[in-house]
Every structure is written in structure tokens, then in C-alpha cells.
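Chains, contacts and geometry: an overview
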Protein chains: 2
Amino acid sequence: MAEIAKPYVLFLGDVPDALAAKTATGIVDWRRDWCVGQIRLPGCKADTGLKDVSIEEAVALGAKTFVIGAVNAGGVLPDLWVASITEAIEAGLDIASGLHTRLQSVPQIAGAAARTGAQLHNVRHSEQPLSTGKGTKRPGLRLLTVGTDCSVGKKYTALALERGLHAKGAKASFRATGQTGVFISGRGLAIDAVVADFIAGAAEWIAPANDPDHWDVVEGQGSLFHPSFAGVSLGLLHGSQPDAFVVCHEPTRQSMRGVEAGLPSIQAVIDQTIALGSLTNPAIRCTGLAVNTAALDEAEAKDCLASLAQAHGLPASDPVRFGVDALVEPLIAMTPR
Amino acid sequence: MAEIAKPYVLFLGDVPDALAAKTATGIVDWRRDWCVGQIRLPGCKADTGLKDVSIEEAVALGAKTFVIGAVNAGGVLPDLWVASITEAIEAGLDIASGLHTRLQSVPQIAGAAARTGAQLHNVRHSEQPLSTGKGTKRPGLRLLTVGTDCSVGKKYTALALERGLHAKGAKASFRATGQTGVFISGRGLAIDAVVADFIAGAAEWIAPANDPDHWDVVEGQGSLFHPSFAGVSLGLLHGSQPDAFVVCHEPTRQSMRGVEAGLPSIQAVIDQTIALGSLTNPAIRCTGLAVNTAALDEAEAKDCLASLAQAHGLPASDPVRFGVDALVEPLIAMTPR
């Protein structure tokens, strides 16, 4: 897809809770300086902390794209949202959406965009032409965040690693594979929305050939052990050809998200990722553990990290709580000078 | 997708060689009695052996669906083909296509179908609403054909096993996961054409809950070791939850189809399939080897099969040359009475 024009104004609609606006929250966490404000409809219970603005104020503040940063229940775009989107187009903004509904499929939106020439970005429906994966090794260093489950901090860890690599003066680019990530990077695609034949090829497009000392930090998806999504995780692993991977884990979770299945051990994830990833990069190795310790108190969190680091012989940190310095160090050591 | 109405008339267009019409050939190999004839344009070099008919003759013979059984080069539907398809619609036929071009996207075809009410089946663009995979075990027995590579006889083996099970009085259904297979079964979908998120869910739809003594014989796709398509293969494995699998192999092949990658050993495929498949069916096991010995003479073929059977402690046969009795036997033994 084309780059999404910045800055953004974030539309939260009238969603009933903060979780429904987690896309907007993620954008603000990582790219606050790309956002001129938030737009909320009456009844909205989410809040990113950005200034509330109207569409006219957003335009006056320089906004270029109206980003739908919330998801509606039921999958059908509510009339109220359509009205706001249409008004934004008529005020001169592009629209970017991570919803399942394709913006062009709504006649009022398509009509307004045809009149103004607005770009309509559907992050979940990439129009990017893709090829099947080639599997051939390409230049540049790559890291993939993998998980013991879905929703264990793979995107957050990748973004924190990009920032940590930059802080050490290394070349690094966050590479988005999910809708929030695409808004945060302004490029990429939702890899779970591509046609199955092209998963690996999409990963090759997301993280293309680069300088030998440049790190692509690729946002992982799903888990090789998740019965719904393992195919996506495997295609992403094969296409991203990681030299390094970090295992993301939530130590208090009891079962796989959304299904009746147990969680794999961290060691099983390491072994499986190496066994399968070596098909396209025989040098693949695990360089650390990123643990979401939000459910533990400070002392428990430190104990948990120390014992995991000891058990696996790998650096372990909670990127949110304790930063990523320990996880960046082995990457700096791997970077050619 | 809706069932494709039978009987068929097979359209071969003006393709320059037999390989371009392998969909039609596959249909004739397995469902000759569903076909009233073939339609060829001047210059066509393919031949299924069916009687050549005109559209009017096909209709007179009772044809219900005009099946595009060949692929054109370049991905754009040639004008000559569009003319034939439009004529077929106007003669009262439905159309079924495995091409990348969606039939509805061609204005003449869409217009003709709107006038006559013809069904337009796009096997590569399933409109079947799908869910993500659940991973929960469902009743019925399932077998999946897996491969050391693409194009090693997985569809042929699955169809031969269905026929072999029927010959022993067992309940069995071939379950299609590729375009030719869908034409042969009249149902199913091209699993490599579904959105990545739904691979496992699509496999669950393709092979739904069934009687405890009924075998779904699921057509495999790709290979867990193919760097372009392994994600599809893994989702299909997880969703089909096989109790049994047969490894399909071509003993003279030197490298993976279409990419620079070596072939895995049969043992590696067995081990990997069990390791990954046990996530959704811990009882998964390999019940035999289906070897394409076309490149060997009769004595070499028998030697090859005997030595593979010996090395793996499993029945081995070439389904085309020596039938599937040896491969059906363990399935009959597994079937509850």
C-alpha cells in the first residue's frame, strides 16, 4: 500500500471502552508527534490523552489523514461513523482504516472520495501486488518477535527494540505486520489479511533487502503453537528469514487465547522456531526473552525474569517495565562494523 | 461455495500444450461420467479424449456447467475466451473457473449472467464465509496426504484412497483443497486462495464433523518444508486434524519446485508432520508412503518401494502403477465397527 500521509487525526467513534480503541492508543504510545488530536463522538468511553478536536480544527492543525483508531462491534460501519468519515473527506483529509469493511464499499464514502480525490487506505485489505515467497537469503539483518501465544507483546517489543537500537546508534526499522503497526510505521500490511499463498512473499516484501548492518525489526503474529493462526506465523517466519528472534511471553496466562489449547513452554517455542526457521536462515538464533510482567509485583517480576534468564541462558526483560538494553546488547554484538 | 451443477462441459480454450489443461485432464481422470464433452478453440493443443462438442451440442447433451479446464498465460482472460464464456451463459449454462481473474470482473460476462441468472463459480476466490480455526477435535476419521514437495501426487493419492476405501465398503469422502479437486468433488475450496487468518478454519469447514466410521480423505497442499507455501500446509494440517497421513514423494526430484531449496527426507516429513499435527490431534500417525515412480522402470520402481517400505516400516505403493490396497489396509484396521 501507499504510504499514509502524516500527520494524523485519530477517530475514536463512540466506542464503549478503552480496549476498542487500542489501535489509537498504540499510535499515541509510539508516534504521538504524528497526531494532531483525537475526534470522539458523544458517548465515547475511550481516551488516548490527545487533545479533543473537531474535523475543522484537525485540518487547521495540519492533519492529512483521518485514522479510524477504534473498532466497532459487529463488523458493520455505523451510520454515525460514515457521517464523520464523509465529513472528513469533504474537509480534504485522506482516510485510513483497519476495519474489516472496505471503505470503498460504502457508497457515501466512495462518492465523497471520488469528488475530492482523497486516498482511502484499507489496512486489512492490502491492494499491494505480492509474489509467492522465494526463500532466497537477502542482505540485511532481521529480527522477529515470536510468541508463546497471541497478544503477549510482540508489537510492543519490536517497537521498543527499534527504539533501543536507534539509541545505540544502530540502523533499524520497525516492520509492521498488523494494522496498528502499519499506522505506526506508515507502511507495511496486515499479514493475516493477505491471501494464504502469499504469506511468505508478503513478509519478503515487508522486510526487503537492506544494508548489511541494518536491522529490520519485524512484528510477529500469532504463535507457531496456536491452532488458529500457526500457518500465518510459519509463513511470516519463513519470509522474514530472521537472524535473531526474541520470545515474547506472558507468565500468568493459562491457556491459548480464544481456543481450548494449552500454552507451549518458552523452550518449546525456541526449539520449534529454530527447527522451522532454519529452512530459510540456518543461522537463526534466539537472542532474548521479552516477558510481560504486568500481572506481577516488582519483586515477583524481577524474580521471574532472573529465573527465566538463568533457565534459558538468555537475557530476559520486561520491555515496558525494565527497558530493552539487555535485549539490544546481543544485537549490537551481531552487527558488522 | 455453492455446489457446482453437473454434468460439465470442459472448455480448453486455445492452450498451446497439455499441461495448461491439466485441470480438465484431472476432471476426466476421476469424473468422466460427469462430463458430456470438451470444447476446443482453433489452435488448441490439449486433448482430454472427450468428444469435441459445440456449446449447443453440450446443452443438448444435458450439460449444466461450462468448466474452464485450462489456464491462460499472463493472467488476463483472452477476448476469445470471454466470447465463448458469454455464449455459454447465453445458452443457459453456469460457469466455473479456476482462473485468477474473477468472472464477475469482466463486464460482458457479468452482464450476460445478470440477464440469464447463471451462477458464476470462482474456485480461486471463495465467497464462502469462514471462521478462524477452533482447534477442537471433531468426530469422524480424517486422512491428509502430505508431501516432500509440491506436485508429488497428493491429490491423485487422496482420490485413489477414497476409491480404495469405497471398494472395501468403507465410508469415505474426498475433500478438495485445490481448484481441480473442487471440480472433481463439486465442493470444497482452494485453500491457498483464502485469507491467511482463515486457513485452519477453512480446513475445518472442508472436512466437518462426521460419523465415527467415516473417512474424510483431505487433499494436501504444498509442503511443510517449502519456503513459499509451508504456512498453508501447516494451517491445513492443524485444521484437518488428521488421524492418519500418507507421505507423497517423487524419488528422482532434486530440489523444491520453483525455489532454491533442497528436498527434505521422507523421515523428516514424517517427524515434522507428527510434531506439528499433534497440536490438534495427538493421535496422528503416518500410515503409508505414496511414491510417484513414473521416472523409474518397473524393476527399479519395485525396488524403490520395497526399500522405502523396509526403511520406514510402512506400506509403500505407487497409487498409479500398483494401486492403493496396501495403503488402504491400515485405514480399514483403524475404522471402528
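In what follows, the accompanying structure is described. Note that this is a predicted model, so its numbers are computed, not measured.

**Describing the packing of aromatic side chains**
- Going through the model one piece at a time under the given rule, you end up with eight aromatic pairs over all chains.
- Taking 5.5 Å as the distance between ring centres and 90 degrees as the angle between the ring planes, the aromatic pair formed by Phe11(B) and Trp81(B) counts as edge-to-face. Taken together, the residues span a long stretch of sequence, with Phe11(B) in strand β1 (residues 8-13) and Trp81(B) in helix α3 (residues 79-90) at a distance of 70 residues.
- The rings of Phe11(A), Phe66(A) and Trp81(A) are connected pair by pair, giving a single aromatic cluster.
- Positioned over the ring face of Trp205(B) is Arg187(B), at 4.2 Å from the centre of the ring.

**Observations regarding the pattern of salt bridges**
- In total, this model carries 23 salt bridges over all chains according to the counting rule given.
- In this structure, Asp192(A) engages Arg124(A) in a salt bridge whose closest nitrogen and oxygen atoms are separated by 3.7 Å. Separated by 68 residues along the polypeptide, Asp192(A) in the loop between α6 (179-185) and α7 (199-206) and Arg124(A) in the loop between β5 (120-122) and β6 (141-147) bring together distant segments of the chain.
- By relative accessible area, Arg124(A) is classed as buried at 12%.
- Between Arg124(B) and Asp197(A) there is a salt bridge, with the nearest N and O atoms lying 4.0 Å from each other. Here Asp197(A) lies in the loop between α6 and α7 and Arg124(B) lies in the loop between β5 (120-122) and β6 (141-147), a pairing that spans two chains.

**Re the nonpolar core**
- Judged by nonpolar contacts, the single largest core of 78 residues is most densely connected at Ile191(A), Val247(A), Leu289(A), Ile191(B), Val247(B) and Leu289(B).
- If sequence neighbours within four positions are ignored, Ile191(B) has contacts with Ala196(A), Thr177(B), Ile199(B), Ala202(B), Ala203(B), Ile206(B), Gln221(B), Val232(B) and Leu236(B).
- The next biggest cluster of nonpolar side chains, apart from the first, holds 73 residues, and it includes Ala24(B), Leu50(B), Trp81(B) and Val82(B).

**Comments concerning the interface of chain A and chain B**
- Taken together, the contact between chain A and chain B spans 33 residues of the former and 33 residues of the latter.
- Buried area between chain A and chain B, summed over both chains or domains, comes out near 2400 Å², and the portion from carbon and sulfur atoms is 60%.
- In terms of surface lost to chain B, no three residues of chain A exceed Ala196(A), Asp197(A) and Pro227(A), which account for 21% of the buried area on that side.
- Linking chain A to chain B there are one salt bridge.
- For the side of chain A that touches chain B, the secondary structure elements donating two or more residues are α7, α8 (230-240) and α9 (266-277) of chain A.
- When the residues that make up the side of chain A that touches chain B are grouped by side-chain class, the tally is 17 nonpolar, eleven polar and five charged.

Quick notes on the rules
- Residues numbered from 1 in each chain as written.
- Chains lettered and ligands numbered in written order.
- Predicted model: local features only at pLDDT ≥ 70, side-chain atom pairs only at ≥ 80, totals over all residues.
- Heavy atoms only, no water.
- Phe/Tyr/Trp six-rings, centres within 6.5 Å; stacked < 30°, edge-to-face > 60°.
- Helix = DSSP H or I, 4+ residues; strand = E, 2+ residues; numbered from the N terminus.
- Lys NZ or Arg CZ within 6 Å of the ring centre and 35° of its normal.
- Salt bridge = Lys/Arg side-chain N within 4 Å of Asp/Glu carboxyl O.
- Buried < 20%, exposed > 50% of the residue type's maximum accessible area, 1.4 Å probe, protein only.
- Core = buried A, V, L, I, M, F, W, Y, C linked by side-chain atoms within 4.5 Å.
- Contact = heavy atoms within 4.5 Å.
- Buried area = accessible area lost by both parts, 1.4 Å probe.
- Nonpolar A, V, L, I, M, F, W, Y, C, P; charged D, E, K, R; others polar.

Treat this as a map of the structure, not an account of what it does.
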